[in-house]
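Okay, here's what each chain looks like letter by letter:
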Amino acid sequence: MAFYWQLYEDVTWKVYVGLAAVVCLAVYSFRRWNTPAFYRGTATLNGKTVIVTGSNTGIGFESALNFARRGARVILACRNPSKGEEAAAKIRELTGNDQAVFRLLDNAKQESVRQFAEVILREESRLDILVHNAGVSRCHGDEKTESGYDLQFGINHLSPFLLTHLLLPLLEKSAPSRVLVVSSIAHKMVNTLCYLQSKQAWEETVAYATCKLSNILFAAELARQVEGRGVTAYSLHPGMVDTSILHPRSSRLHGELLLFFSRNILRPFCISLEAGAQTTLYCALEESITSYSGRYFANCKLAKPSKLAQDEKVASQLWDISCKATGIENY
Ligand SMILES: NC(=O)c1ccc[n+]([C@@H]2O[C@H](COP(=O)([O-])OP(=O)(O)OC[C@H]3O[C@@H](n4cnc5c(N)ncnc54)[C@H](OP(=O)(O)O)[C@@H]3O)[C@@H](O)[C@H]2O)c1
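Calculation rules
Residues numbered from 1 in each chain as written. Predicted model: local features only at pLDDT ≥ 70, side-chain atom pairs only at ≥ 80, totals over all residues. Heavy atoms only, no water. Salt bridge = Lys/Arg side-chain N within 4 Å of Asp/Glu carboxyl O. Helix = DSSP H or I, 4+ residues; strand = E, 2+ residues; numbered from the N terminus. 1 Å grid on protein atoms, 1.4 Å probe; cavity = no way out; pocket = protein on both sides within 12 Å on 5 of 7 lines; lining within 4 Å. Points joined across faces, edges and corners; volume = space filled by probe spheres on them. Patch = residues over 30% accessible without salt bridge, like charges linked within 9 Å, V, L, I, M, F, W, Y side chains within 5 Å. Areas by Shrake-Rupley, 256 points an atom, 1.4 Å probe, with all protein chains shown as cover. Pairing = 2+ DSSP bridges. Right-handed = clockwise from strand over helix to strand, strands pointing away. Buried < 20%, exposed > 50% of the residue type's maximum accessible area, 1.4 Å probe, protein only. Polar contact = N/O pair within 3.5 Å; in protein donor to acceptor, adjacent residues only side chain to side chain. Contact = heavy atoms within 4.5 Å. Axes fitted to C-alpha atoms, helices over the stretch in contact; angles between N-to-C directions. Parallel < 35°, antiparallel > 145°, perpendicular 65-115°, else oblique. Left-handed = near helix turned anticlockwise from the far one by under 90°.

Caption draft 1: Local environment of the pattern of salt bridges. The tally for this structure, following the rule as stated, stands at eight salt bridges. Where R126 meets D128, a salt bridge forms, and the shortest distance between an N and an O atom there is 2.6 Å. The shortest N-O distance in the salt bridge between R229 and E172 comes to 3.2 Å. Within this pair, whereas R229 is found in the loop between helix 7 (204–225) and strand 6 (231–237), its partner E172 is found in helix 5 (residues 151–173), the two being separated by 57 residues in sequence.

If you want it as structure tokens, here you go:
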């Protein structure tokens, strides 16, 4: 009996030590993976102009605030005039920089994108950094863009595609200039091309991921298309931040389950808003990345996107689809 008791105690002890080691390793790995890097560059932006779309709140607001602190003229391109004006006023107050201004841009309407571009081309003499940050992950039901695509695809991809095209002359004039597309690690959820080809396949859970995949493909193809013209392009994952985009509303059951998941499971793993703006700042300001035009970044360093996101054929196919959907003949 004593022998068996001894054996039991030995095994239990080993199991406890083993479990403790696994837990320690898991905590250590998670902390390493989830510790956000902060961009320490001290570049100033006096005399430079930056546009940040969707900057009345969230990561966009935090990025615009930082650009204004560095002395830039910052254009907050937002869809809601009162929220946009309020955010610009807050940035002016916090930074003392009176060059933070609101301009109306609704990515859900191509007409609004064209009007916004007209205003910018008329009013601004330069554009150094264009940040496509605006995004939605909510279900828009059966709402479609003018060209019949899912509205989420229109807001998250087609409008940034069109806006870049319209502002390209100003970006080229201000060279060296940069275009940033805020994507997401969620792009890795898409592993088949069919979502780009079939309009019927826009299931709400993969629609957001497909848009974010499109962001990476767009930045990569844009870099190829404008190579040698003084404009570079980057896509990035900002990290997981507790903003409204993480809690999409939906009337469907699996949408409700996702909402429950994001509110109760994801929240503790989120990084701060300030941390969430760091990779945007890095891609906008870091001198050493100019030779990495077209690449994808996360946590203030080069990162590897999914295999599909690196496929040049898919990028070129998406480019053609986007040209057709926005009525662009030549970029
Ligand atoms: N939060 C995260 O964990 C996370 C992770 C990966 C990637 N991202 C990406 O980061 C970017 C910023 O998201 P966030 O987390 O800061 O979310 P957020 O707080 O919800 O901000 C999204 C911004 O986009 C604007 N927007 C939405 N629809 C628009 C439209 N039709 N036209 C113009 N602006 C529009 C919103 O304006 P309103 O306030 O008027 O709605 C808001 O200013 C998004 O591209 C998102 O995909 C976020």
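Further notes follow.
Caption draft 2: Quick peek at empty space enclosed by the protein. Counted under the stated rule, the structure contains one cavity of 30 Å³ or more. Looking at the largest cavity, its volume works out to about 30 Å³. Tallying contributions element by element places helix 5 first for the lining of the largest cavity, with five residues.

Caption draft 3: Spatial organisation of a nonpolar patch on the surface. On the surface, a nonpolar cluster with roughly 330 Å² of combined accessible area is contributed by V15, Y16 and L19. Of note, V15 is situated in helix 1 (residues 2–34).

Caption draft 4: Inspection of the pairing of strand 3 (residues 100–104) at higher detail. The pairing of strand 2 (residues 73–78) with strand 3 spans five bridges and is classified as parallel. Residue V74 lies in a different strand from strand 3, and its bridge partner there is A100. Following the chain from strand 2 across helix 3 (residues 81–95) to the adjacent parallel strand 3, one finds a crossover that is right-handed.

Caption draft 5: Layout of the side chain of T164. Locating T164 in the fold gives a position in helix 5. Here T164 falls in the buried class, since its relative accessible area comes to 0%. Among the polar contacts listed, one links the side chain of T164 to the side chain of H132, at a separation of 2.7 Å. At 2.6 Å, the side chain of T164 forms a polar contact with the backbone oxygen of P160. Among all residues touching T164, those that are not within four sequence positions of it are L130, H132, V179, F218, L222 and Y331.

Caption draft 6: Layout of the sheet that holds strand 5 (residues 177–182). If you walk across this open sheet you meet the eight strands as 3-2-1-4-5-6-7-8, and the pairing is mixed. Edge positions in the sheet fall to strand 3 and strand 8 (301–302), since each has one partner strand and no second. Bridging between strand 6 and strand 7 (residues 296–298) involves three bridges; their strand directions are parallel. Opposite S235, over in strand 7, you have Y296 as the bridge partner. Helix 3 rests against strand 2 and strand 3 of the sheet, and its axis sits at about 170° to strand 3.

Caption draft 7: Seen up close, the packing of helix 2 (residues 58–69) against helix 3. Two numbers describe how helix 2 lies on helix 3: the axes approach to 10 Å, and their chain directions differ by 40°. The orientation of helix 2 relative to helix 3 falls into the category oblique. Viewed along their axes, helix 2 and helix 3 form a crossing whose handedness is right-handed. For the pair helix 2 and helix 3, contact is made by F61, A64, L65, A68 and R69 and by A87, K90, I91, L94 and T95, respectively.

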